[in-house]
Amino acid sequence: MHTLVIDTSFGSTVGIVGHAPVVEHDSRTHVERLRNDIADACSQAGVAPHEVERIVVGVGPAPFTGLRAGIVTAKAIAYATGATLLGQDDLTPNAVLMHAVHRHDARFADRFDYAAVSVVDDDAPLVALTLSVNDARRKQLYFGLYADLDADDGDPTTLIDMDIDAPDHIAQRVRAAVDDYRVAHPGVDVVIDVIGHGACKYASAWAALEHVETVSDLAVLDMGAEGLRLFAQVAQSHAPADEGAGAVEPLYLRRPDVSVPNPLKHVLSHDPAHKTDEGTAQA
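Because the structure is a prediction, the values reported are computed rather than measured. (Residues numbered from 1 in each chain as written. Predicted model: local features only at pLDDT ≥ 70, side-chain atom pairs only at ≥ 80, totals over all residues. Heavy atoms only, no water.)

A.B. asks: Tell me about the sheet that holds strand 4 (residues 52–58), residues and numbers included.
C.D. replies: Strand order in the open sheet formed by 5 strands is 3-2-1-4-5, with mixed pairing between adjacent strands. Looking at the sheet topology across the chains shown, the edges are occupied by strand 3 (22–24) and strand 5 (84–88). For this sheet, the mean angle separating the axes of adjacent strands, direction not counted, is 15°. Here strand 2 (residues 12–16) pairs with strand 3 via 3 bridges, running antiparallel. Considered in strand 3, the bridge of Thr13 is made with Val23. Seen against the sheet, helix 1 (residues 30–45) touches strand 1 (2–7), strand 2 and strand 3 and runs at an angle of roughly 20° to strand 2. Along the sheet, helix 2 (residues 64–81) contacts strand 1, strand 4 and strand 5; its crossing angle with strand 4, the most-contacted strand, is approximately 165°. (Pairing = 2+ DSSP bridges. Helix = DSSP H or I, 4+ residues; strand = E, 2+ residues; numbered from the N terminus. Axes fitted to C-alpha atoms, helices over the stretch in contact; angles between N-to-C directions. Contact = heavy atoms within 4.5 Å.)

In structure tokens form, the structure reads like this:
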């Protein structure tokens, strides 16, 4: 089965699973180049658009304009080709990636210094917590906190569900969640990895956390062909199949900047002027 991945949560990444993706880092032009990048990805993989049977699209959380462009494009291609459409959030796959990294998975050995990465296995009383982030701009991050508890399938347990906040506030919330986790799991040690776009930008905020091991701006879709494959696998495992194009919706999380204005005030103490039968204005 040919699977096309489209993600525009940070720049853009498009590709056919099993092949290297086409990546755009410039957030000012990635939307304009999306159509050509998809054509290039299909051409490099030797796959015609009508041969795509599944489309996996990133649904954020991410800023409005870029994210919307990717989702609309994915829906249009799915509608035109009849391909199955799956939506996948961009934070959970980072936790699944770190699940593999803490087992020193050879696929990602060239992206992480395994000499500095703790090994987590069933026999060790150690749990790796992943603080997965994405840059939300305006000095904020989208984030979620996940505990890797299942070594069999990499299914993470959510400690803090996806949200948006300032980095210092995120650190406070993570610290409280980790304290609660330790109380609930006595005798278990933890390490915290902060991974995703914006992690290094706000590295000073993570000084408030204990046992931070890895801080990296890399996300799963920065892992080349293997990252593309992992993103699609997570989508297939965790996201429901398309129930119509409307089933895949973006995660913005931030409240809109616009709001309904207050009613206009009446500045006059009498009724508006109106015409009489004689045609003269009368208050």
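A.B. asks: So what about empty space enclosed by the protein? Which residues, and what values?
C.D. replies: Applying the stated criterion across every chain yields a total of 1 cavity of 30 Å³ or more. Here the largest cavity defines a volume of roughly 150 Å³. Forming the walls of the largest cavity are 18 residues, and the residues nearest its centre are Asp7, Ser9, His197, Ala219 and Leu221. Looking at the lining of the largest cavity, the elements with two or more residues in it are strand 2, strand 3 and strand 6 (126–137). Tallied by class, residues from the lining of the largest cavity come to 6 nonpolar, 8 polar and 4 charged. (1 Å grid on protein atoms, 1.4 Å probe; cavity = no way out; pocket = protein on both sides within 12 Å on 5 of 7 lines; lining within 4 Å. Points joined across faces, edges and corners; volume = space filled by probe spheres on them. Nonpolar A, V, L, I, M, F, W, Y, C, P; charged D, E, K, R; others polar.)

A.B. asks: Could you give an account of the packing of aromatic side chains, naming the residues involved and the relevant values?
C.D. replies: Enumeration over the complete set of coordinates arrives at 1 aromatic pair. With centroids separated by 4.9 Å and ring planes inclined at 50°, the aromatic side chains of Phe64 and Tyr252 adopt a geometry described as tilted. Of this pair, Phe64 sits in helix 2 while Tyr252 is found in the loop between helix 5 (224–238) and strand 11 (274–275), placing the two residues 188 residues apart along the sequence. (Phe/Tyr/Trp six-rings, centres within 6.5 Å; stacked < 30°, edge-to-face > 60°.)

A.B. asks: Can you explain the environment of Ala69? Please cite residues and give values.
C.D. replies: When you line up the elements, Ala69 lands in helix 2. When the C-alpha atoms of Ala69 and Val31 are compared, they prove to be 6.5 Å apart, with 38 residues separating the residues in sequence. Beyond its immediate sequence surroundings of up to four residues, Ala69 is in contact with Val31 and Leu34.

A.B. asks: Before we move on, could you go through the pairing of strand 9 (residues 189–195) and cite the residues and values that matter?
C.D. replies: Of all the 7 residues making up strand 9, 6 are buried; the element is thus mostly covered by neighbouring parts of the structure. Pairing geometry for strand 6 and strand 9, over 7 bridges, is parallel. Each residue of the ladder has a partner; that of Val127, found in strand 9, is Val190. Alignment of strand 9 against strand 10 (residues 212–216), held across 4 bridges, turns out to be parallel. By the bridge assignment, Ile192 is partnered in strand 10 with Val212. (Buried < 20%, exposed > 50% of the residue type's maximum accessible area, 1.4 Å probe, protein only.)

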